[in-house]
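One-letter residues, chain by chain:
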Amino acid sequence: MSDAKKVFVRTYGCQMNVYDSDRMTDALAPEGYASTDTLEDADLVILNTCHIREKAAEKVYSEIGRIRKLKDARAETARPMTLAVAGCVAQAEGEEIMHRAPAVDLVFGPQSYHRLPDLLKRAGAGEHVVETDLPTEDKFKALPAASREVTLKRGVTAFLTVQEGCDKFCTFCVVPYTRGAEVSRPIAQVLDEARRLADAGVREVTLLGQNVNAYHGKGPDGADWGLGRLLHALADIPGLDRLRYTTSHPRDMDDELMAAHRDLDALMPYLHLPVQAGSDRILGMMNRKHTAAEYMALVERIRAARPDIALSGDFIVGFPGETEDDFRATMKLVEEVGYASAFSFKYSPRPGTPGAALDDQVPEEVKSERLARLQALLSQQQQAFNASKRGAVMDVLFEKPGRFEGQLGGRSPWLQAVHVDAPAELFGEIRQVVIEDVGPNSLVGRLTGDEAAARPSGADGRVAAEAGGRA
């Protein structure tokens, strides 16, 4: 190992945690830490946790147990290991983590990672550090920017958090308790970060927020700008060719944002718009503040603005009190919308949320059976959407090497994985591709035009295998 201090970050959960993990390493760079992908090399290990999925906390404790053995082995050496737990499990569990896992040196929530250098110094001095306050200062303003070199290494696509927290208080959700109230970053701050990304070669940016379309950042004119206006400003940044955003709430899709989908070529025709259920009774119990009919009317308006848009969604099956009729209403909504992709889960209570205290919990075997039916329908819709792209010509951003030599992987405008035999010099470029074959989770294509002449040989025999075997 070199003399430089090494930090290893294990990221769980959502895209915002991926962004947060990168910003943690940015915050540590001035302290002499370099990122490592090898746990055994690390002087500092950070588990950046997520509290959305079932048994999230127990998975973290199991991981701590495995790391503790390595930490114990390093304890008497010249390079002891420091172990930190960050993110939403840290925010929710707090002192309990220290009590259950004495190997942990510090615990801090997602609103405190800009203080990480100071927290490490305090832990190094022997202090019991649990930092789970929701501070009022602007953590993004306090964070150092990533170097151009580091940004280049992270690739040609990037996440950019523009909004955090949520004021909706859905009864199943922990976000208002772990991330706090809605806060939007100022326009100038977002644009500065986006320009730095574009300058480093990033071609596609995905704007992140727990409720991103509720964005209302302070603009240079002193007025609050919505997400639609922000997207227009981002689309003017040279080199930034593709824009996406996630995750949205149906109640915050305003006219300005829908017009952005209509008017901006850079805004990709893909929208993640969670509905969670198709039964108005269950939506009311979830405190979603919209009906199934209102959601369907919104879908119609979005498709009128951008006819080629693909929709994805989130679904919770087996919310307390859900009857077979309620579930059939969800299936009916899915059939009417026609999703290109979706995430679906069985309801699992989250401590501290109103849903956890509700009576009439649905039996596990009923939830499992309903989830299987829903996922079968969603899978059929995804496969049908992918099949509709066979023979289509589309722009693909090549963002990573493929599995085979002479191959690149990229994304379609609709966020589908696309695999193409292409020369390595096209990495980071957007090129036209004709889709030759499709699979359940990806597309396979070939270059069109002049670029096709550079296509490596041996591709034809791999087309069917790629379509069937790539995620």
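The structure displayed is predicted, hence computed values, not measured ones. (Residues numbered from 1 in each chain as written. Predicted model: local features only at pLDDT ≥ 70, side-chain atom pairs only at ≥ 80, totals over all residues. Heavy atoms only, no water.)

1. A short note on the sheet that holds strand β13 (residues 242–246)
Then, in step 1: Reading across from one edge, β7-β10-β13 is the order of the three strands in this open sheet, with parallel pairing throughout. The open sheet terminates on both sides in strands that have one partner only, identified here as β7 (157–161) and β13. Averaged over all adjacent pairs, the angle separating strand axes in this sheet is 25°, with direction ignored.
Then, in step 2: Of the pairings in the sheet, the one linking β7 to strand β10 (residues 204–208) comprises five bridges and is parallel in character. When the bridges of β10 are listed, Thr161 appears paired with Leu208.
Then, in step 3: This element, helix α1 (residues 15–28), spans β7, β10 and β13 of the sheet and lies at about 95° to β7.
Then, in step 4: Helix-sheet contacts for helix α9 (residues 187–199) involve β7 and β10, and the interaxial angle to β7 is about 165°. (Pairing = 2+ DSSP bridges. Helix = DSSP H or I, 4+ residues; strand = E, 2+ residues; numbered from the N terminus. Axes fitted to C-alpha atoms, helices over the stretch in contact; angles between N-to-C directions. Contact = heavy atoms within 4.5 Å.)

2. Looking at the confidence of the model for the protein
Then, in step 1: Model confidence for the protein is summarised by a mean pLDDT of 90, while 93% of its residues fall at 70 or above.
Then, in step 2: Below pLDDT 50 for its whole length, residues 453–471 participates in 40 contacts with residues either more than four positions away or in separate chains. (pLDDT = per-residue confidence, 0-100.)

3. Some thoughts on the packing of helix α11 (residues 255–263) against helix α13 (residues 292–305)
Then, in step 1: It is the contact of α11 with α13, at a shortest axis distance of 8 Å, that shows an interaxial angle of 40°. Where α11 approaches α13, its residues Asp255, Met258 and Arg262 are matched on the opposing element by Leu298, Arg301, Ile302 and Ala305.
Then, in step 2: Taken together, the residues of the contact of α11 with α13 break down into four nonpolar, no polar and three charged. (Nonpolar A, V, L, I, M, F, W, Y, C, P; charged D, E, K, R; others polar.)

4. A look at the sheet that holds strand β19 (residues 417–421)
Then, in step 1: Pairing within the closed barrel is mixed, and its five strands lie in the order β17-β18-β19-β21-β20. Within this sheet the neighbouring strands show an average axis-to-axis angle of 50°, counted without direction.
Then, in step 2: Relative to strand β18 (residues 407–411), strand β17 (residues 393–401) runs antiparallel, the two being bridged by four bridges. Each bridged residue has a counterpart across the sheet, and for Lys400 the counterpart in β18 is Gly409.

5. Structural notes on the layout of surface pockets
Then, in step 1: Its boundaries defined by the atoms lining it, the second largest pocket holds a volume of some 580 Å³.
Then, in step 2: Of all the secondary structure elements, the ones that give two or more residues to the lining of the second largest pocket are β1 (5–11), α1, β2 (33–35) and α7 (148–154).
Then, in step 3: Here the residues of the lining of the second largest pocket are counted per class, giving 10 nonpolar, six polar and six charged. (1 Å grid on protein atoms, 1.4 Å probe; cavity = no way out; pocket = protein on both sides within 12 Å on 5 of 7 lines; lining within 4 Å. Points joined across faces, edges and corners; volume = space filled by probe spheres on them.)

6. Side note on the pairing of β19
Then, in step 1: With five of five residues buried, β19 is to be regarded as a mostly interior element.
Then, in step 2: The side-chain alternation of β19 yields two buried faces, one formed by Ala417, His419 and Asp421 and the other by Val418 and Val420.
Then, in step 3: Of the strand pairs in this sheet, β18 and β19 are connected by five bridges, and their pairing is antiparallel. The partner of Gly409 across the bridge, within β19, is His419.
Then, in step 4: The hairpin turn running from β18 into β19, its antiparallel successor, is five residues long, and Leu415 in that turn takes a positive phi close to 75°.
Then, in step 5: Bridge count between β19 and strand β21 (residues 442–447): four bridges; the pairing is parallel. Paired with Val420 across the bridge in β21 is Gly445. (Buried < 20%, exposed > 50% of the residue type's maximum accessible area, 1.4 Å probe, protein only.)

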